[in-house]
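Descriptive structure summary
So the chains spell out like this:
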Amino acid sequence: MRLELVSVLLCSLAPLTVAEGICPCPTGFVQYQQACYWFSNIAVSFAQARSYCQFFRSHLARITSKEEDDFVRSYAKETGRAPGYWLGATDLITEGTFKWEVGDTLNYTNWHSEEPNDKKTEDCLGYRKIYDYLWNDYSCNGTINFICERKVPRCC
Ligand SMILES: [Ca+2]
Ligand SMILES: [Ca+2]
């Protein structure tokens, strides 16, 4: 409810602050093309990260192109700088076959050269800082930061 109020308020201000036809992302989200991303400043498990994103009317980030990956990794490197960030894919259903939460396979990937290694039953996808934010499979119970994604609101 509170998020809705913020959205309504932002949209009422939008004509004064942004070009016509471009809707702002909710407060705290950063925009890239038609999506909004939120970089957490807390570290939680994969399941908790999913819940946080749902609470913010979003989902864990789903990275489907090099351009999108470049933007999100750059933001993580320059602004977030956390040791790791959950993205929204797992291989919980079939070991070794990662799928996005909505069920589609990963057509674009950017794994580190030694990943995914399933070292300690690692079934959840994330960016890892020591890999320059290339992709790693983490243990889902580990605690790292996370990135939520949602479409730009259709409010204006
Ligand atoms: Ca695995
Ligand atoms: Ca790994």
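A brief structural summary. Keep in mind that this is a model prediction, so the values were computed, not measured.

Structural notes on helix α2 (residues 46-55)
Every buried residue of α2 is listed here: Phe-46, Ala-49 and Cys-53. The arc that holds every buried residue of α2, seen down its axis, measures 55°, which confines them to one face. Exposed residues on α2 whose side chains face more than 90 degrees from its buried face are Gln-54 and Phe-55. Considering only its buried residues, α2 is in contact with β3 (59-60), β4 (84-90), β6 (124-128) and β8 (145-151). In the stretch just after α2, Arg-57 is the one whose phi turns positive, near 55°.

Details of the coordination of the calcium ion (ligand 1)
Protein coordination of the calcium ion (ligand 1) is provided by Asp-91 (OD), Asp-91 (OD), Glu-95 (OE), Glu-95 (OE), Asp-118 (OD), Glu-122 (O) and Asp-123 (OD), with donor distances spanning 2.4 to 2.7 Å. Between consecutive donors of the calcium ion (ligand 1), the numbers of intervening residues give the motif D-x3-E-x22-D-x3-E-D. Accessibility expressed as a relative area gives 11% for Glu-122, which makes it buried.

Scoring rules and cut-offs
Residues numbered from 1 in each chain as written. Chains lettered and ligands numbered in written order. Predicted model: local features only at pLDDT ≥ 70, side-chain atom pairs only at ≥ 80, totals over all residues. Heavy atoms only, no water. Buried < 20%, exposed > 50% of the residue type's maximum accessible area, 1.4 Å probe, protein only. Helix = DSSP H or I, 4+ residues; strand = E, 2+ residues; numbered from the N terminus. Arc of directions from axis to C-beta. Contact = heavy atoms within 4.5 Å. Donors = N, O, S within 2.8 Å, 3.2 Å for Na, K, Ca; no water.

So yeah, pure geometry; function would need other evidence.
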